[in-house]
Structures are given as structure tokens and as C-alpha cells.
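Chain by chain, the residues:
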Amino acid sequence: MEQAKEKVLKDPVHNYIRVRDPFIWRLINTRVFQRLRRIRQLGTSFLTFHGAEHSRFTHSLGAYETMRKVVEHFMRNYGWTPGERTRLLALAAALLHDIGHGPFSHAVEPVTGQRHEGWTVRLLREEAELRAVLDDVDDRFAEDVAGVITGETDFPLLHQLITGQLDVDRMDYLLRDALYTGVAYGQFELERLIRVMIPGRAEVLVRPSGRLTVEQYMLARYFMYAQVYLHPTTVGSDLLVRKIVERAKMLRREGVLKDVPPLWDSWMSGLEDPGELSIEAFLGMDDAVFLAGLPGWERSGDPILSDLAGRLLHRRLFESVPVAEWTPEVERLVREAFVQAGLDPDSYAGFVHVSIDGSGNREPVWLSDGGGKWVNFFEQSVLLRNLPPIAVKRLYFPGDLVESGGDRAASLRTLLASLSHEG
């Protein structure tokens with residue numbers, strides 16, 4: 001291995017991010033990783049929280065730094081001896097776990113038909129520059145990084161540190177997202193949390209003294225979902241992004257979509273058959289390219305695409321009403337009312353139901369009882385066990401068009417009012 005020379009990056013969450021391995025520095029400087037500067041960490045949340053402009057790049061560096069601290073804690077305090085290759089594997093997986101995100105992160109995934117994890121694995125395996133750096137360790141290293149991220153791995157402890165209940169991804173994004181959105185919900189004691197973690201064979205264990213620290217961390221996650229990640233305005237702006245892409249896909253398929261920017265065209269051709277989307281087309285599409293296409297489409301000949309693009313560009317977002325139950329009959333009534341009002345229900349109506357378990361999916365966290373036995377943390381914590389689920393069940397629509405729709409939209413206004421009352 002190359003002679004280590006530490007590089008120090010200033011960071012608002014960790015104060016310093018320390019890169020001591022030239023191998024990691026080379027990964028940071030690949031085009032695949034640098035592209036993450038142009039992908040917002042929180043998708044369209046900047047339309048809800050104006051400070052949420054931070055990127056997947058900054059978060060990925062933070063996840064790497066958190067992993068570095070955890071690995072050094074395990075080695076220093078518990079005699080964990082992973083070996084140099086496994087140590088680098090942990091750091092590389094933390095650094096690269098988000099490279100597969102597309103424009104606006106999770107917002108567009110339902111339209112593309114591909115989750116970011118799949119693209120992460122493909123880039124690790126196929127992107128030439130990144131693969132060349134990974135292959136400098138050995139020709140199995142890229143596959144092992146992919147396995148640690150997906151869980152199909154011979155390194156289960158590392159996978160838990162990437163995507164478990166006590167993972168470095170979540171530890172960084174809670175603190176970072178709280179900072180940039182300007183809320184206090186996501187705060188917890190990171191250094192203390194790392195100190196109470198113990199390396200097991202296939203999972204992260206917690207010292208007896210760590211109970212309150214883990215509860216603080218889990219509550220931070222709960223409140224961030226309740227107040228930030230599932231904020232109704234953000235859920236609606238994510239929906240608007242999907243409506244734009246869906247409308248553009250339909251018009252392109254019909255051959256009537258004009259003046260498509262080249263990078264958009266390459267990306268959208270792949271959306272018709274996700275298996276045919278090339279690495280170059282994928283890497284060419286980011287938040288900046290997406291937003292740059294909107295002014296042209298606001299002037300497009302299609303009035304619906306023009307309106308949708310202008311809504312996102314100028315923050316004229318959908319309004320919403322809570323809905324208690326979304327049944328086939330309710331959906332039928334909604335669609336009929338939108339058509340009667342002269343509004344395309346496929347473009348202007350959207351019911352969204354997203355939810356999370358109050359305790360974060362009930363995957364166990366193993367806590368020492370101080371007597372040589374391990375107990376499931378969630379069975380011991382009365383506080384977390386009784387947290388209710390967090391859910392958003394809302395119907396989104398263009399409030400301004402509904403209000404200005406005159407007599408044609410009267411039935412729709414009445415229906416929306418009744419749904420809101422029931423919700």
C-alpha cells in the first residue's frame with residue numbers, strides 16, 4: 001500500500017474529516033463520487049426547508065468519517081483485528097454507499113423503476129475509472145464492497161454498520177439533515193453512541209450503559225421522520241417531480257415532446273427500458289441538469305407539462321388534504337371529479353401513503369444485561385415500544401386551478417372538502 005499522508009477536510013458536523021489512506025483519497029476524486037456534489041441529500045426538501053441544500057457528497061464523506069471512528073473504536077477498545085483489507089472494505093463501503101442516487105434522490109425512483117442500490121452495484125462493477133481504483137486492492141474488492149452494501153456478503157458486521165439499526169449512514173444523515181434544515185430533532189451524542197457499541201460476529205452490540213444513548217438516537221430518528229422526511233410539503237414536491245417525469249415520458253413516447261436537452265434525452269430513452277440505460281446517460285443526469293430543463297419545458301407546447309414544470313421551478317406546489325381511507329370507490333370519485341373540472345387526474349391528482357414503524361422496523365438491537373446475556377433493546381425500552389407509527393395519507397392537487405375552476409370544479413371542491421373532514 002501507498003505511504004499514508006493524512007488529508008483533513010473541514011466539516012460542519014464532524015469538525016474534521018480525516019483521510020489517511022491514499023486509496024480512499026483516490027476514490028473521493030473519481031468522477032462517480034464527485035458527481036454526488038450535484039445530487040441534493042434531501043431531494044426536494046429545499047422547497048420546504050430553505051437551508052436543505054447539502055449534497056450526497058457531503059453526507060457520504062460524513063458516513064466515511066463515522067465509519068472510520070467506529071472501526072478505530074472497535075480496534076482500540078475491543079481488540080478487533082479486521083486486517084488491512086477488511087478495514088479498507090469498511091471505509092470504501094461507507095464512502096460509496098450512495099453513488100447510485102439519481103436526480104432528487106428517492107423522488108424519481110418510482111418512475112425509473114430502479115432503486116439507487118442497484119445503480120450503486122452496477123457502478124461498482126462496471127464504471128471503468130472507479131473499478132480501476134478498487135481493483136488496485138484486488139480483483140474481488142469491488143464485488144465485496146457491493147456485497148457489504150447489499151447484504152449479500154461474507155462480512156455481515158460491516159453490512160450492519162452500513163445499513164442496520166446502528167449504522168454510520170443514519171448516524172451522519174440525522175445530524176447533517178438536522179443541521180441544514182435548521183431543526184433540533186435530529187441531535188444526539190454521536191461520540192457517546194460510538195463508545196457504547198461493541199463488535200459482535202455479525203451484528204453491533206450495545207454495552208449496558210448505552211441504553212439511554214440508544215434511546216436518544218432512536219428518538220432523533222423518529223422525530224426527523226415525523227417533522228422532516230415525511231413533511232407533507234416535501235412529500236408533495238416529490239410527487240410533483242414524478243408527475244413531470246411521467247408526463248415527459250408519455251409525450252416523448254408519443255413523439256410530441258420537443259426541444260429535449262441532450263442529457264435529458266439520453267436519460268429518458270433509458271427510462272423506457274431501464275435495462276438499456278447506459279452508465280454515461282445515468283451519470284449525466286443530476287439535479288442541476290434536471291432543473292436546467294424546466295425553463296424550456298415551461299415554454300413547451302404541452303399545457304400540462306408547461307404548468308407542472310413552472311410549478312416546480314417557481315415553487316407553486318400542490319396542496320393536499322388528509323384522507324382517512326383510499327378505496328377504489330374514493331379513487332373513482334376523485335378521478336371523475338377531476339375530469340369534470342377539466343383537469344387530467346393522471347397529472348394533477350396524486351394520493352400518497354407513506355409510513356414507518358415507530359421503532360424503525362423492529363430489527364433488533366442487542367443490549368447486554370450486564371450478566372452475560374443479550375436482550376432485544378426494543379423489548380426492554382417501554383419508551384420506544386409504545387411509539388406510534390408515522391404516516392402520511394394525503395391527496396395532492398393544484399389548489400389554484402381547483403379554486404379558479406368555476407362551476408366545473410364545484411363538485412371537486414365539495415369532494416375535497418369532504419375528504420379533508422373525514423381525514
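That block above? That's the structure.
Below, the structure is looked at part by part. Just so we're clear, the structure is a prediction, and the values are computed from it rather than from any experiment.

As for the environment of aspartate 98
Mapped onto the fold, aspartate 98 is located in the loop between helix H4 (84-96) and helix H5 (109-112). For aspartate 98, a relative accessible area of 3% puts it in the buried group. Each C-alpha atom of the pair aspartate 98 and leucine 193 lies 23 Å from the other, and the pair is 95 residues apart in sequence. Once you skip the residues sitting within four places of it in the chain, aspartate 98 turns out to touch Leu36, Gln41, Arg56, His59, Ser60, His116 and Thr120.

Some thoughts on the nonpolar core
Phe23, Leu27, Trp264 and Trp297 are the most contacted members of the largest nonpolar core, which totals 141 residues. If you tally residues by element for this core, the top one is helix H12 (residues 211-229), at 10 residues. In this structure, tryptophan 264 is in contact with Val245, Met285, Val289, Phe290, Gly293 and Trp297, ignoring residues within four places of it in sequence.

Comments concerning the sheet that holds strand E5 (residues 319-322)
Spatially, the three strands line up as an open sheet ordered E5-E9-E6, and their pairing is antiparallel. Each edge of the sheet is formed by a strand with only one pairing partner; in this case those strands are E5 and strand E6 (350-356). On average, each strand axis in the sheet is tilted by 30 degrees relative to the strand beside it, whichever way the strands run. Bridge analysis of E6 against strand E9 (residues 390-397) gives seven bridges, and the strand direction is antiparallel. Residue pairing across strands places histidine 353 opposite lysine 393, the latter belonging to E9.

With respect to the sheet that holds strand E7 (residues 366-368)
Strand order in the open sheet formed by four strands is E3-E4-E7-E8, and the pairing between neighbours is mixed. If you trace the sheet from one side to the other, it starts and ends with strand E3 (197-199) and strand E8 (374-376), each paired once. Across the sheet, the mean angle from the axis of one strand to that of its neighbour is 40 degrees, orientation sign disregarded.

Topic: unusual backbone geometry
In terms of backbone geometry, most residues other than glycine have negative phi values and most peptide bonds are trans. Despite not being glycine, phenylalanine 104 shows a phi value in the positive range, around 55 degrees. With respect to the element layout, phenylalanine 104 can be found in the loop between H4 and H5. Its relative accessible area of 1% is what places phenylalanine 104 among the buried residues. A positive phi is found at arginine 315, a non-glycine position, where the angle reads about 55 degrees.

Overview of the pairing of strand E2 (residues 15-19)
Pairing geometry for strand E1 (residues 7-11) and E2, over five bridges, is antiparallel. Pairing of leucine 9 across the sheet is with isoleucine 17, part of E2. Between E1 and the antiparallel strand that follows it, E2, lie three residues.

Quick word on the pattern of salt bridges
According to the stated counting rule, one finds 36 salt bridges in the structure shown. For glutamate 72, the salt bridge is made with arginine 20, and the minimal N-O distance between the two is 2.9 Å. Remark: arginine 20 occurs in the loop between E2 and helix H1 (22-28) and glutamate 72 occurs in helix H3 (residues 56-78); sequence separation between them is 52 residues. Classification of glutamate 72 by relative accessible area gives partly exposed; the value is 28%.

So, the side chain of aspartate 167
The topology assignment puts aspartate 167 in the loop between helix H9 (156-163) and helix H10 (168-181). No salt bridge is formed by the buried aspartate 167, whose closest oppositely charged neighbour, arginine 170, lies at an N-O distance of 4.0 Å. With residues up to four places along the chain from it excluded, the contact list for aspartate 167 reads Gln160, Leu161, Ile162 and Tyr217.

About the thresholds
- Residues numbered from 1 in each chain as written.
- Predicted model: local features only at pLDDT ≥ 70, side-chain atom pairs only at ≥ 80, totals over all residues.
- Heavy atoms only, no water.
- Helix = DSSP H or I, 4+ residues; strand = E, 2+ residues; numbered from the N terminus.
- Buried < 20%, exposed > 50% of the residue type's maximum accessible area, 1.4 Å probe, protein only.
- Contact = heavy atoms within 4.5 Å.
- Core = buried A, V, L, I, M, F, W, Y, C linked by side-chain atoms within 4.5 Å.
- Pairing = 2+ DSSP bridges.
- Axes fitted to C-alpha atoms, helices over the stretch in contact; angles between N-to-C directions.
- Salt bridge = Lys/Arg side-chain N within 4 Å of Asp/Glu carboxyl O.
- Lys, Arg positive; Asp, Glu negative; His and termini not counted.

Such coordinate-based values are descriptive only and should not be taken to indicate function.
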